[in-house]
Structures are given as C-alpha cells and as structure tokens.
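# Understanding the architecture of this molecule
Below are the chains, spelled out letter by letter.
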Amino acid sequence: MKKLSARRRHPLAAVVVLLLALVGTGGAYAFLAPAGKAQADETSQSLTIEEGQKLYSVGCASCHGTKGQGSSDGPSLVGVGAAAVDFQVGTGRMPAATSQGPQVVKKKNIYTQAQIDQLAAYVASLGAGPEVPTSEQYGSDGADIAKGGELFRTNCAQCHNFVGAGGALTKGKFAPNLEGVAPKHIYEAMQTGPQNMPSFPDTTLTEKNKKDIIAYIDAVNSPDTENPGGLNLGGLGPVSEGLFAWIFGLGALIAVAVWVAARTAKAKKS
C-alpha cells in the first residue's frame, strides 16, 4: 500500500491518468460515432423516400399505380432507377399532358430539384436501377471530343443527325434536338433509354464513352464553332448558298439560253 501511495504522488502520475482518459475517450468515440452517423444518414434517406412517396401519390400514382407496378395508362417503374425519374421529371416530360401525341415531349417542369430528388429516391426504393450521375461522370474534364464524335456518328447520328439537331422517326415520332440539353440529362438518356431511344448501359458505352459523346455535342453546338461558313442545312455543312446557286443560278442560265435560242434567225423563219 505504501508503494502504491508513493506512485500516486509521483509527478508523472497525473500525466499518465490524463493520457489514459484521452485514449479511452477517443476509442469510445471512434467506436460509437460511425454508427451514429450511419443511423442519421439512414433516417435522412427514410425521410426523403417518405416525402417522395407523398409526391408520387399525388402526381404519378394515377398512371403508374400506387406501388409503381404500372397500369394501362403508364409503364411499371420498378427497377427504372433514380436516373430515369431525374430525366423524365427534370425535363418536364413527366407528369405527361392529358392529351398525348405519338410521344411525350419536353416542357417546363413543375417540380423543384429537391422534389425531383425525393421522387427519384422513392422510385429507386422500389427496385434497383441506374443512379443519378455525378458531375464528374458527365463533365468535360478529361473528355476526348474526337472520340466522342466518332461514337456519336456510329450510335446516335442515325436518329439525332450528325450534330444532334434531331430528326423524324416513324408514326409521328421524332428524335429531339440535343442543343441546349443539360449534360446530366443526356447522360441519363443514354443510361435509361427513354421512349423510342435504346439504352446504352456501361457494358455498351462505358462511362468514359458517354463523357466523350457529351463533350462532342457541347463542342459542335457551341457559339464558337456553330456554322462558321453560313447556314448548315441540318448539319450537312455550309452548303445552303451553293444549293441556292444551283437551283436559281442554273435555272436563270437555262432560261436565258431558251430566250436566246427562240430569237435566232432559224427560229424566226420557222
């Protein structure tokens, strides 16, 4: 006991006790804090899904079913993923107009981005699907524009035109103009394949491929590169002036030739 009492009175005893207390406190925090943070994140996600379900019940359930199972008026949303919701609602295509044409067209959206995120979270909870891409995925940093042009002409130009100007399809449908479309929505369209468009998952077009295509679309539609030689006639090149010369110039020459021939001496005799 005397030895223990003497050690307690040692000058370093207080320092040792303080170090042990700090180590114990730090260990307890390290053990408990991650669980608390995970629980907070889970609670926040649950609230987001709950709010999304409320929005879904008001604006979507009448066509897509109360649980996203689909109906005669709208397809099933189970497994479409958050990216499909962000694209369809973010571009105003959904909710669809009462009187639909051959396809649902882009219009002004009626939801805030926070509400779109809530709807996307709820639909994603119904079944796994493509997630909303990050800015690193669709941003232009590190993109190869030339490669993007090659990929676009191979996979997209048949419908969207060589510069994304859009084009007509069968039965009144069409491929929309891509000028001015947000890069995130272009990425999501490639991921999910909305309406008439086929989907291009990462097994078909990698994340880098999609980034390159988006960079190409942005480059060909930028003010610095758009139609430097005149009207582009649907992206085929600055040839409208030449077409005018062929039609009207050559037509004028033919008309003059006919007029001259009609006034020759031989023509007058006959």
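The rules behind these values
- Residues numbered from 1 in each chain as written.
- Predicted model: local features only at pLDDT ≥ 70, side-chain atom pairs only at ≥ 80, totals over all residues.
- Heavy atoms only, no water.
- Salt bridge = Lys/Arg side-chain N within 4 Å of Asp/Glu carboxyl O.
- Helix = DSSP H or I, 4+ residues; strand = E, 2+ residues; numbered from the N terminus.
- Buried < 20%, exposed > 50% of the residue type's maximum accessible area, 1.4 Å probe, protein only.
- Patch = residues over 30% accessible without salt bridge, like charges linked within 9 Å, V, L, I, M, F, W, Y side chains within 5 Å.
- Areas by Shrake-Rupley, 256 points an atom, 1.4 Å probe, with all protein chains shown as cover.
- Disulfide = S-S within 2.5 Å.
- Axes fitted to C-alpha atoms, helices over the stretch in contact; angles between N-to-C directions.
- Parallel < 35°, antiparallel > 145°, perpendicular 65-115°, else oblique.
- Contact = heavy atoms within 4.5 Å.
- Nonpolar A, V, L, I, M, F, W, Y, C, P; charged D, E, K, R; others polar.
- Polar contact = N/O pair within 3.5 Å; in protein donor to acceptor, adjacent residues only side chain to side chain.
- Left-handed = near helix turned anticlockwise from the far one by under 90°.

Moving on, we get to the pattern of salt bridges. One pass over the full model with this rule turns up 5 salt bridges. As a salt-bridge pair, aspartate 86 and lysine 184 come within 3.1 Å of each other at their nearest N and O atoms. Taken together, the residues span a long stretch of sequence, with aspartate 86 in helix α4 (residues 81–90) and lysine 184 in helix α9 (residues 183–192) at a distance of 98 residues. A relative accessible area of 2% means that aspartate 86 is categorised as buried. By relative accessible area, which is 17% here, lysine 184 ends up buried. For lysine 147, the salt bridge identified is with glutamate 150, shortest N-O distance 3.8 Å. With lysine 147 and glutamate 150 both in helix α7 (residues 145–155), this residue pair falls 3 residues apart, about one helical turn.

There is a patch of nonpolar side chains on the surface, built from Leu243, Phe244, Trp246, Ile247, Phe248, Leu250, Leu253, Ile254 and Val258 and spanning about 1000 Å² of accessible area. Checked against the element boundaries, isoleucine 247 lands in helix α11 (residues 240–262). Taking the relative accessible area as the measure of exposure, isoleucine 247 reaches 52% and is therefore exposed.

Summed over all chains, the structure comprises 0 disulfides. Residue cysteine 63 stays outside any disulfide, its sulfur separated by 8.7 Å from that of cysteine 60, the closest cysteine. In this structure cysteine 156 is a free cysteine whose sulfur lies 8.8 Å from that of cysteine 159, the closest cysteine sulfur available.

Once that is clear, we can look at the packing of α7 against helix α10 (residues 207–220). Each pair of packed helices can be described by the angle between their axes along with the distance between the axes. Where α7 contacts α10, the two axes come as close as 7 Å, and the packing angle between them is 95°. Classified by the interaxial angle, the pair formed by α7 and α10 is roughly perpendicular. Taking contact as the criterion, the partners of Ile145, Lys147, Gly148, Gly149, Leu151, Phe152 and Arg153 in α7 are, on α10, Asn209, Asp212, Ile213, Ala215, Tyr216, Ile217 and Ala219. Across the contact of α7 with α10, the residue classes tally to 8 nonpolar, 3 polar and 3 charged.

A separate point is the side chain of arginine 93. Note on placement: arginine 93 falls in the loop between α4 and α5 (113–126). Side chain to side chain, arginine 93 and threonine 91 meet in a polar contact 3.0 Å long. Other than its neighbours up to four places away in sequence, arginine 93 contacts Phe87, Gln88, Val104, Val105, Lys106, Lys107, Pro176 and Gln195.

Attention shifts here to the environment of glycine 74. As for its position among the elements, glycine 74 is in the loop between α3 (61–64) and α4. As a C-alpha pair, glycine 74 and histidine 64 span 10 residues in sequence and 4.9 Å in three-dimensional space. Leave out the neighbours within four places in its chain, and glycine 74 touches Cys63 and His64.

As a further point, take the packing of α4 against α9. Two elements in contact, α4 and α9, have axes whose closest approach is 9 Å; the angle formed by their N-to-C orientations is 125°. Of the possible angle classes, the one that applies to α4 and α9 is oblique. Crossing handedness for the pair α4 and α9: left-handed. The residues of α9 that touch α4, namely those facing Ala83, Ala84, Asp86, Phe87 and Gly90, are Lys184, His185, Glu188, Ala189 and Thr192. Here the residues of the contact of α4 with α9 are counted per class, giving 4 nonpolar, 3 polar and 3 charged.

So, on to the environment of cysteine 63. Summarising the element assignment, cysteine 63 is placed in helix α3. Each C-alpha atom, one on cysteine 63 and one on aspartate 73, is 5.0 Å from the other, the two residues being 10 residues apart in sequence.

Without other data, these values stay purely geometric and don't point to any function.
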